[in-house]
Amino acid sequence: MISLLASNGIPCISRTSHSGVHVKMLAAPINPADINMIQGTYALLPDLPAVGGNEGVGQVVEVGSHVTSLKPGDWVVPADAELGTWRTDAVFSEETLVKLPRDIPLLCAATLSVNPCTAYRMLTDFETLGPGDSIIQNAANSGVGQAVIQIAAALGIKTINVIRDRPNLQEVVDRLMSLGAEHVLTEEMLRKPEMKDLFKKVPKPRLALNCVGGKSATEMLRHIQQKGTMVTYGGMAKQPLTVPVSAFIFKDVKLRGFWMTQWKKDQAQNKDRLTGMIRTLCDLVHKGQLTAPACTQVPLKDYRIALEASMKPFVSSKQVLTM
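Just so you know, these numbers come straight off a predicted model, no measurement behind them.

Caption draft 1: Geometry of the pairing of strand β11 (residues 207-210). Of the two faces of β11, the one lined by Leu207 and Leu209 and the one lined by Ala208 and Asn210 are each fully buried. As defined by bridge partners, strand β8 (residues 134-137) adjoins β11 across three bridges and the pair is classed as parallel. Directly across from Ile135, in β11, lies its bridge partner Leu207. Alignment of β11 against strand β12 (residues 229-232), held across four bridges, turns out to be parallel. Residue pairing in the sheet places Ala208 in a bridge with Met230 of β12. The β-α-β motif built from β11, the intervening helix α8 (residues 214-221) and the parallel element β12 has right-handed crossover chirality.

So this is what it looks like as structure tokens:
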């Protein structure tokens, strides 16, 4: 694909770029993985120079003559990472984009292709769960955590949600409960004997979702069912997993990892799985069962402010750059 830079600084499609799609970006969030890529600590690093941002929604302005699945006016999101979404305009190849319905809220569209997709895959790929089953997760107020709560509620699955203690604890608890959380606990509460009383009301979880690591993950392991699974998809505490020998011997637990970027790469020859998942999530949005996380919209020109805010502790609002 060949793209040119017009005199006004906006990319345009050359006549030889038959598969090019000119996209005007509308909104793009700042995710922890984006920060890690900039810091050079992420597992996937683009060639430099590069444009930041792995997620966002844009509107098609123009398409090449060979493009068949998209037309001007369509909303699109990246099919994979590394496209660089923190910009006003870009020319992408058709196969790197997924079409969205235009009748979902802008912030839902901008934040759909990473966190909700991660939540959906972890809830459906590792254990066969049904109505009445339960799962436990830490970092429950994160973008993925909020999506887990909502998707699980739509499936009839109960959630036990673990968060760090903080000055505005009740505010966070109330928000998670409003999303459909069954129980919200602090890390300290997870370690208390009273947890036995909780499991008189709700079955022990068959699935644990770990985004923290360290002691938090160890404590969650103590509460999952025999032969249950813990899926690790993040390491916010920057501490290794410590697994009691008894968990392996007497409970036969399974420890797995998940990375949405790798899942998308694995489906490169089967894009229908990705588009099908996106349709399922959009259906939940239409039904009011999936909303965007709490977001703060920041104009692209103020990106420094947004980057600084995204790295502050105990910030529950996702920074979204608007173009």
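Caption draft 2: Seen up close, the domain arrangement of the chain. In terms of domain boundaries, the chain breaks down into domain 1 (13-111 + 292-322) and domain 2 (115-261). Each of domain 1 and domain 2 has a C-alpha centre, and these two points are 29 Å apart. Taken together, both faces of the contact between domain 1 and domain 2 bury some 960 Å²; the carbon and sulfur share is 48%. Where domain 1 meets domain 2, there are one residue pair in polar contact (both at pLDDT 80 or more).

Caption draft 3: Main features of the nonpolar core. Grouped together as the largest cluster of nonpolar side chains are 47 residues, with contacts concentrated most on Val57, Leu100 and Leu281. The leading source of residues in this core is helix α11 (residues 271-286), at seven residues. A domain split of this core shows at least three residues from each of domain 1 (13-111 + 292-322) and domain 2 (115-261). Here Leu100 is in contact with Val57, Trp75, Val77, Ala109, Leu112, Ile278 and Cys282, once residues within four sequence places are set aside. Ile160, Val162, Phe199 and Ala217 belong to the second largest nonpolar core, which has 17 residues in total.

Caption draft 4: The arrangement of helix α3 (residues 115-125) in detail. The buried count for α3 comes to nine of eleven residues, which makes it a mostly enclosed element. Turning to α3, its buried residues are Asn115, Pro116, Cys117, Thr118, Ala119, Tyr120, Arg121, Met122 and Leu123.

Caption draft 5: Representation of a nonpolar patch on the surface within the structure. A cluster of nonpolar side chains, namely Val245, Phe248, Ile249, Phe250 and Leu255, defines an oily patch on the protein surface of about 520 Å² accessible area. Tallying contributions element by element places helix α9 (residues 245-249) first for the nonpolar patch, with three residues. Within the element layout of this structure, Phe248 appears in helix α9.

Caption draft 6: Spotlight on the confidence of the model for the chain. Summarising the model, the chain shows a mean pLDDT of 92, and 95% of its residues fall at 70 or more. Contacts for the low-pLDDT stretch residues 1-10, under 50 throughout, to residues beyond four places or in other chains number 19 contacts.

Caption draft 7: Region of interest: the environment of Asp74. Mapped onto the secondary structure, Asp74 falls in the loop between β4 (57-63) and β5 (75-78). For the pair Asp74 and Met195, spaced 121 residues apart in sequence, the C-alpha to C-alpha distance is 49 Å. Those residues in contact with Asp74 that lie beyond four places of it in its chain are Gly58, Gln59, Val60, Ser69 and Lys99. Here Lys71 takes part through its backbone nitrogen, which lies 2.9 Å from a polar atom of the side chain of Asp74.

Caption draft 8: Examining the packing of α3 against α11 more closely. In contact at an axis separation of 11 Å, α3 and α11 are set at 100 degrees when each is read in the N-to-C sense. Classified by the angle their axes make, α3 and α11 are roughly perpendicular. Contacts from Pro116, Cys117, Tyr120, Arg121 and Asp125 in α3 reach Arg273, Met277, Ile278, Thr280 and Leu281 in α11. Each residue belonging to the contact of α3 with α11 can be placed in one class, and the counts come to six nonpolar, one polar and three charged.

Caption draft 9: Spatial organisation of the environment of Asn138. Within the secondary structure, Asn138 sits in the loop between β8 and α4 (143-154). Here the alpha-carbon distance between Asn138 and Ala208, two residues 70 residues apart in the chain, equals 8.3 Å. In this structure, Asn138 is in contact with Val162, Glu187, Leu209, Asn210, Cys211, Val212, Gly213, Ser216, Ala217, Met220 and Tyr233, ignoring residues within four places of it in sequence. Among the polar contacts listed, one links the side chain of Asn138 to the side chain of Asn210, at a separation of 3.0 Å. For Asn138, the side chain forms a polar contact with the side chain of Ser216, separated by 3.0 Å.

Caption draft 10: Representation of the pattern of salt bridges in the model. By the definition in use, this model includes eleven salt bridges. Here Lys254 ties to Glu127 by a salt bridge, and the two come within 3.7 Å at their closest N and O atoms. Of this pair, Lys254 sits in strand β13 (residues 254-257) while Glu127 sits in the loop between α3 and β8, and the two are 127 residues apart along the sequence. Between Asp252 and Lys227 there is a salt bridge, with its nearest N and O atoms 2.9 Å apart. Here Asp252, found in the loop between α9 and β13, pairs with Lys227, found in the loop between α8 and β12; they are 25 residues apart in sequence, far enough to count as distant. Look at Lys227 and you get partly exposed, because its relative accessible area is 48%. Salt bridges here are not isolated pairs; linked through shared partners, they connect Glu127, Asp133, Arg206 and Lys254.

Caption draft 11: Looking closely at the pairing of strand β3 (residues 20-29). Along β3, nine of the ten residues are buried, which leaves the element largely enclosed by surrounding structure. Both β3 and strand β6 (residues 89-93) contribute to a ladder of five bridges, which runs antiparallel. In the strand pairing of β6, Val23 is matched with Ala90. The sheet contact formed by β3 and β4 spans six bridges and is antiparallel. Pairing of His22 across the sheet is with Glu62, part of β4. Sheet analysis places β3 next to strand β15 (residues 318-322), joined by three bridges and oriented antiparallel. Note that in β15 the partner of Pro29 across the bridge is Val320.

Thresholds applied
- Residues numbered from 1 in each chain as written.
- Predicted model: local features only at pLDDT ≥ 70, side-chain atom pairs only at ≥ 80, totals over all residues.
- Heavy atoms only, no water.
- Buried < 20%, exposed > 50% of the residue type's maximum accessible area, 1.4 Å probe, protein only.
- Helix = DSSP H or I, 4+ residues; strand = E, 2+ residues; numbered from the N terminus.
- Pairing = 2+ DSSP bridges.
- Right-handed = clockwise from strand over helix to strand, strands pointing away.
- Domains from an automatic or database assignment.
- Buried area = accessible area lost by both parts, 1.4 Å probe.
- Polar contact = N/O pair within 3.5 Å; in protein donor to acceptor, adjacent residues only side chain to side chain.
- Core = buried A, V, L, I, M, F, W, Y, C linked by side-chain atoms within 4.5 Å.
- Contact = heavy atoms within 4.5 Å.
- Patch = residues over 30% accessible without salt bridge, like charges linked within 9 Å, V, L, I, M, F, W, Y side chains within 5 Å.
- Areas by Shrake-Rupley, 256 points an atom, 1.4 Å probe, with all protein chains shown as cover.
- Salt bridge = Lys/Arg side-chain N within 4 Å of Asp/Glu carboxyl O.
- pLDDT = per-residue confidence, 0-100.
- Axes fitted to C-alpha atoms, helices over the stretch in contact; angles between N-to-C directions.
- Parallel < 35°, antiparallel > 145°, perpendicular 65-115°, else oblique.
- Nonpolar A, V, L, I, M, F, W, Y, C, P; charged D, E, K, R; others polar.

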